[in-house]
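Survey of secondary and tertiary structure
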Amino acid sequence: MTTSLSRDLIFLILQFLDEERFKDTLHKLEQESGLFFNLKYFEELVLSGNWDEVERYLSGFTKLDDNRHSMKIFFEIRKQKYLEALDKLDRGKAVDILVKDLKVFASLNEDLFKEMTMLLTLDNFRENDQLSNYRDTKTARAIMLIELKKLFEANPLFREKLQLPSIRGSRLRMLINQSLNWQHSLCSNPRQNPDIRTLFVDHSCKNSNDSFAQLAASNQLIGSPPQIEGFLPMASNGPFQPASAPFQAPLTTWMSNPSIVAHPTVAGGGIGFGSVTNPAAISKGIGDSDDIYRTRFSGASDRVMLPVINPGPKSHTMIFNPTEELPKTVARILNQGSVPMSMDFHPIQLTLLLVGTNVGGISLWEVSSGEKLFSRHFQVWNIGASSMMLKATLIKDPCVSVKRIAWTLDGSLFGVAYSKHMIQLYAFHGGNDIRQHLEIDAHVGSVNDLAFCYPNKKLSVITCGDDKTIKVWDVATGAKLYTFEGHEAPVHSVCPHCKENVNFIFSTSVDGKIKAWLYDMLGSRVDYDAPGRSCTTMAYSADGKRLFSCGTNKDGESHIVEWNENEGLVKRIYQGFYKRSLGIVQFHTTKNRFLAVGDDHSVKFWEMDNVNLLTSIDAEGGLPASPRIRFNKEGTLLAVSANDNRIKILATVDGLRLMCTYESHSLIAAGSASETVTKNEDTRNLEDAKLKLAEEVNSTKSWKLTEISEPAQIRSLRLSACAKPDKISRLIYTNSGTAILALATNAIHLLWKWPRSDLNLNGKATAKITPQLVQPSSGITMTNDLTEAKPEEALSCFALSKNDSYVMSASGGKISLFNMMTFKTMATFMPPPPAATYLAFHPQDNNIVAVGMNDSTIHIYNVRVDEVMSNLTGHSKRITGLAFSNVLNVLVSSGADTQIIVWSSDKWERQNSGFLQIPAGRTSTAMLDTKVQFHQDQIHFLGVNGTQLAIYETKKLECVKQWIVKESSAPISHAIFSCDSQLIYASFLDGTVRVFGASNLHLQCQINPTAYVPFNVSSSAYPLVIAAHPQEPNQFALGLTDGGIHVFEPLESEGKWGVPPPVEDGSPSCISIASPMDQPQS
């Protein structure tokens, strides 16, 4: 036997040991052979702190002095062991490690060894600057593992040892079966059911009175009884073995005979579903199901040699490069504004894409133009009809995410499943005409999936949820038709199907169970374990003939397989998951030929007939670890979720033509808020696309800015107070969206709240209904302290807690903390000087607030203990803006001199700084105060002053978009993102309000003061502040210098604030740049 075959045999033995779960022997053979370094096992050893076994296992692959990578690996392990001993104050053990394990490195770096020795003299080794970030043992081990993995990958001794070769399941058993088949075929008198009991000698069929036959009968060497489909059970104890029934019924058994099913819970003695004449013929485990490996012996005429199988593709042989049929070209990038969680293309209008997001929003995109046709945030349509449990859940935590969004087969309806109890069905009438159809309080907890089906030829919707049930609802009436119970964990997904006129449902749960149900009340028909006990999704190919599943288990191991429905076994296991997946991977099928999975920051593709990975595409980068993916019906377009809340549309050559065809029908297509990328190696198709796009650009010359000058063109509402207040200096919606809080320059707060009524069931702020000015019966008003305040210098500021319970506010005097229910002053602190000029609550802790001062400092103040935790210095002028990012864990501050500083929000250290880019020749009076606000992605922020709007990337402080106010125009007084960060509302000192697309800062609507300022009000009144509704992206409010407050919404007939203009190069009003901020001069 050659060395190569010996190596292969060892791999087969490793596979056998793993399937039989002989773990200790498995790892011992890994170490002794040195062929496969089991990174998962090594991680377990490190995380458990089993350092002796760590080095023993490692020694089978490398020695300390093999190379610099190996030396670094051993050093990191021993250093961690040394630090843990110090952390436990076990100095004796630490000295022993230093002398026995670390001294060997002294000759290489004597200074380092001395420094490590000096750690023994410290009470806490974290006093050493380089170790000050050391948190705890668990975290340190995890961080070290990341470094070790990089060293393993770089170490040439570990190349080709970190990944097992691709081997079919139970390969060693299969080879033995093939050998026994061959031996049996040579028997002179072959028996129909040979009784093979040993592998120690060659098989030969003999008479029952032969001495060998008697010996074999009395000495069973193989524990498993012989099975008729093969001599050795395939994967009889493998990792994918079901742990429930004595055998699994083939799927076709219960599908083809639904009327004679005997379910175990109903028929007392039944163990099967239908007529099963030979239970031994049904596999006990999920393994290879190809008939070629299950040769059955019925006599001498059946003696055949096993044919050779070509594992390659079985069809499509005329296409030399199958990847040419895959969507690879990035044709469009959509700026969704929040993280896409689920997507689905319209089944007929192939360029319409539905998107559901992590904040409960749903959108409909025309991807050919990049136009968002429809957008809506989560809102309970009829809260009065909802369960008390749902109401309590929403009060406790109003955050809602979309779990699944899907069209019906004809595209006339779509359904949305939410993370809180609800599903909502919408009727689609074309374009942006989308109407509410049905709302169902479906499950207790999250509704994890929904799908449409036609049992009894009636359109129904299936849902599943955290309450471990599957339910079927009548789409017309909302009546519940069926409830299926039997899962022992939350149900993750459902897959309805119809085969041979039998309707059934597959369901999967988060504990890795797969069940199947008929539309009756007799319980589940089958019970399988998903490969790897994964949290799995199932799907059929488009023609309904092939069944696949894909999922990820708790260890991050992902599996995608094809099932043999006839036997209930895994038919193919696709290879290509090289790393642990972050999150549950999502997959889709297309063209009855390809499988796609979002994994490892890319999209991976397989041909259905080939288990080997075909190709992977990173879509020009910027994809999350496990991107969401969705094909359109023809497979010409693929939607892929990307970082920064974007969606990339990948296209084939036919997909590009399809997009251009649809695009030519839209006058506003070229002015979308998305980025168009035309990169394709096929220059002929590229030129076709360019020509069509050029025609489209010419057709957009008719675009006009939406300008509103009359009250009839807008829906607005002016809020009134009992007494005329001073000018409004601060304005905000409550986080619930049911009230508006204003702060006037006379230090008095005003709170308007919208009541619930038949016209306003949810009590949200709206311009349709006049709210009530809240005035407690005690007569108390929320009035800021003005002691020692200097009105001429005072800058009013306030911040609202996340739960709307209290507001922190200042108007030049002490900071006051008010109870929003009673208006009582709970506390006052920080008397001037210096006076507070800006306030911002920490996003993770309501007890911590950042306080900007007029002396240019920032205090990080803990309200609970009445203590300043940190004092940040670096600005030279008063603080005018503060904003936290809970994604980047930073605080961004702005000063009156346009300086912007980024601070870490854990150690409160300065990370970066610069100045807003001011146009040449502008005076300081034109700048006004610089404000900052984070985009919904928490990575970019909006910088605003009198001269400009600018979008910055936070880490590098790079300005990526900038809109400059013309020198002859009025300065900006204030600006703010809409709640979905798709729009920017900006007010100007001449009373004008402008609405910009946030993705490109293109102006799409202008509201002139004549549309909202009453005739009896001084024409000099203008807006000082602007606030955006927290759930309705098209609603905002203005606070005016005359003390008035106006709420704005577009007319119902319009539904939005204008349309984006055409994108034309060289636009004078918007500058797209990618340059760092102006750096301060030394």
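Within any chain, residue numbers begin from 1 and follow the written order of that chain's sequence. Local features in this predicted model are restricted to residues whose pLDDT is 70 or higher, and side-chain atom pairs enter the listing and the counts only when it is 80 or higher, whereas totals over whole chains, interfaces and linings include all residues. Water and hydrogen atoms were dropped before computing side-chain values, which therefore reflect all heavy atoms in the structure.

Some thoughts on the nonpolar core
Cut-off, in case you're wondering: Definition used in this section: a nonpolar core is a set of buried Ala, Val, Leu, Ile, Met, Phe, Trp, Tyr and Cys residues joined via side-chain atoms within 4.5 Å. We call a residue buried when its accessible area falls under 20% of the maximum for its residue type, exposed when it is over 50%, and partly exposed in between, using a 1.4 Å probe and counting protein chains only. Secondary structure elements follow DSSP: runs of H or I of four or more residues count as helices, runs of E of two or more count as strands, with numbering from the N terminus. Residue contacts are defined here by distance: any two heavy atoms, one from each residue, within 4.5 Å place the two residues in contact.
Grouped together as the largest cluster of nonpolar side chains are 39 residues, with contacts concentrated most on F42, L58, Y82 and L102. Contributing elements (two or more residues each) for this core: α3 (39–48), α4 (51–58), α5 (68–87), α6 (91–102), α7 (110–118) and α8 (137–154). Sort the elements by how many residues they give to this core and α5 lands first, with 8 residues. Leaving out residues up to four positions away in the same chain, F42 has contacts with F37, V54, Y57, L58, I77, L145, L148 and F152. Membership of the second largest hydrophobic core comes to 22 residues, among which are F374, V380, W407 and F428.

Some thoughts on the packing of α3 against α4
Test applied: For every element, the axis is a line fit to its C-alpha atoms; helices are fit only across the contacting stretch, and the angle between N-to-C directions ranges from 0 to 180 degrees. Relative orientations are named as follows: roughly parallel for angles under 35 degrees, roughly antiparallel for angles over 145 degrees, roughly perpendicular for angles from 65 to 115 degrees, and oblique for any other angle. By definition, any crossing whose near helix is turned counterclockwise from its far helix by less than a right angle is left-handed, and any crossing with a clockwise turn is right-handed. Classes in brief: Ala, Val, Leu, Ile, Met, Phe, Trp, Tyr, Cys and Pro nonpolar; Asp, Glu, Lys and Arg charged; the others, Gly included, polar.
As a packed pair, α3 and α4 sit with axes 8 Å apart at the nearest point and diverge in direction by 150°. One finds that α3 runs roughly antiparallel with respect to α4. Our pair here, α3 against α4, has a crossing hand that is left-handed. Along the contact surface, α3 presents Y41, F42, L45 and V46, while α4 presents W51, E53, V54, Y57 and L58. A per-class count over the contact of α3 with α4 returns 8 nonpolar, no polar and 1 charged.

Some remarks on the sheet that holds strand β28 (residues 646–651)
Sheets are built from strands paired through backbone hydrogen bonds, the pairs being either parallel or antiparallel. Operational definition: Whether two strands pair comes down to DSSP finding at least two bridges between them.
Taken in spatial order, the 4 strands of this open sheet run β1-β28-β27-β26, and their pairing is antiparallel. Strands with a single pairing partner mark the edges of an open sheet, and in this sheet they are β1 (329–335) and β26 (629–631). Averaged over all pairs of adjacent strands, the angle between their axes in this sheet comes to 20°, without regard to strand direction. Bridging between β1 and β28 involves 6 bridges; their strand directions are antiparallel. Counterpart to L334 in the pairing with β28 is I647.

Considering the packing of α5 against α8
Closest axis-to-axis distance for the α5/α8 pair is 9 Å, and the angle between their directions is 175°. One element, α5, and the other, α8, form an angle in the roughly antiparallel class. Contact residues: α5 offers H69, K72, I73, E76, I77, Q80, E84 and D87, while α8 offers T137, A140, R141, M144, E147, L148, L151, F152 and A154. Taken together, the residues that form the contact of α5 with α8 break down as 8 nonpolar, 3 polar and 6 charged.

Here we look at the environment of I1007
The residue I1007 is located in strand β54 (residues 1003–1007) in this model. Residue I1007 is classed as buried on the basis of its relative accessible area of 0%. Separated by 50 residues in the primary sequence, I1007 and W1057 have C-alpha atoms spaced 9.6 Å apart. Not counting residues within four places of it along the chain, the set of residues in contact with I1007 comprises I708, I714, G991, T992, V993, Y1012, F1036 and W1057.

Details of the pairing of strand β47 (residues 931–934)
In this structure, β47 lies alongside strand β48 (residues 940–945), joined through 4 bridges in antiparallel fashion. Counterpart to K931 in the pairing with β48 is V944.

Observations concerning the sheet that holds strand β19 (residues 547–552)
Strand order in the open sheet formed by 4 strands is β18-β19-β20-β21, and the pairing between neighbours is antiparallel. Edge positions in the sheet fall to β18 (535–540) and β21 (569–573), since each has one partner strand and no second. Neighbour-to-neighbour, the strand axes of this sheet turn through a mean angle of 35°, independent of strand direction. As judged from the 4 bridges shared by strand β20 (residues 558–564) and β21, these two strands associate in the antiparallel manner. Along β21, the bridge assignment pairs N564 with L569.

Some remarks on the pairing of strand β37 (residues 815–819)
Here β37 lies mainly inside the structure; 4 of its 5 residues are buried. Here 4 bridges tie strand β36 (residues 806–810) to β37, and the two strands are oriented antiparallel to one another. Directly across from Y806, in β37, lies its bridge partner N819. Bridge analysis of β37 against strand β38 (residues 825–829) gives 4 bridges, and the strand direction is antiparallel. From the neighbouring strand, F818 faces β38, where its bridge partner is T825.

Some remarks on the packing of aromatic side chains
Rules: Each Phe, Tyr or Trp ring, with Trp reduced to its six-membered ring, pairs with another whose centre is within 6.5 Å; inter-plane angles below 30 degrees give stacked pairs, above 60 give edge-to-face pairs, and intermediate values give tilted ones. Only Lys NZ and Arg CZ are tested; either one counts as a charge over a ring when it is within 6 Å of the ring centre and within 35 degrees of the ring normal.
Considering all chains together, one arrives at 37 aromatic pairs under this definition. For the ring pair F61 and F158, a centre distance of 6.2 Å and an interplane angle of 25° mean the geometry is stacked. With a gap of 97 residues between them, F61 in the loop between α4 and α5 and F158 in the loop between α8 and α9 (171–185) connect regions that are remote in the sequence. For the pair shown, F61 and F158 are each scored as buried. Counting every residue linked through ring pairs, the aromatic cluster contains F37, Y41, F42, Y57, F61, F152 and F158. Sitting above the plane of the F988 ring, R994 keeps its charged end 4.4 Å from the centroid.

Describing unusual backbone geometry
Following P832, the chain continues to P833 via a peptide bond in cis, the omega torsion being -5°. Counting through the fold element by element, P833 comes out in the loop between β38 and β39 (836–842). Of the consecutive residues P833 and P834, the connecting peptide bond is found in the cis state with omega at -5°. Looking at the secondary structure, you find P834 in the loop between β38 and β39. One non-glycine residue with positive phi stands out, namely N645, at about 60°. Mapped onto the elements, N645 comes out in the loop between β27 (637–642) and β28.

Quick notes on α9
For clarity, the threshold we go by: Expected span of a helix, by definition, is 1.5 Å for each gap between consecutive residues, and there is one gap fewer than residues.
Here α9 spans 21 Å end to end across 15 residues, near enough to the 21 Å set by a 1.5 Å rise per residue. Restricting attention to buried positions, one finds in α9 the residues L172, R173, M174, N177, L180, N181, Q183, H184 and S185.

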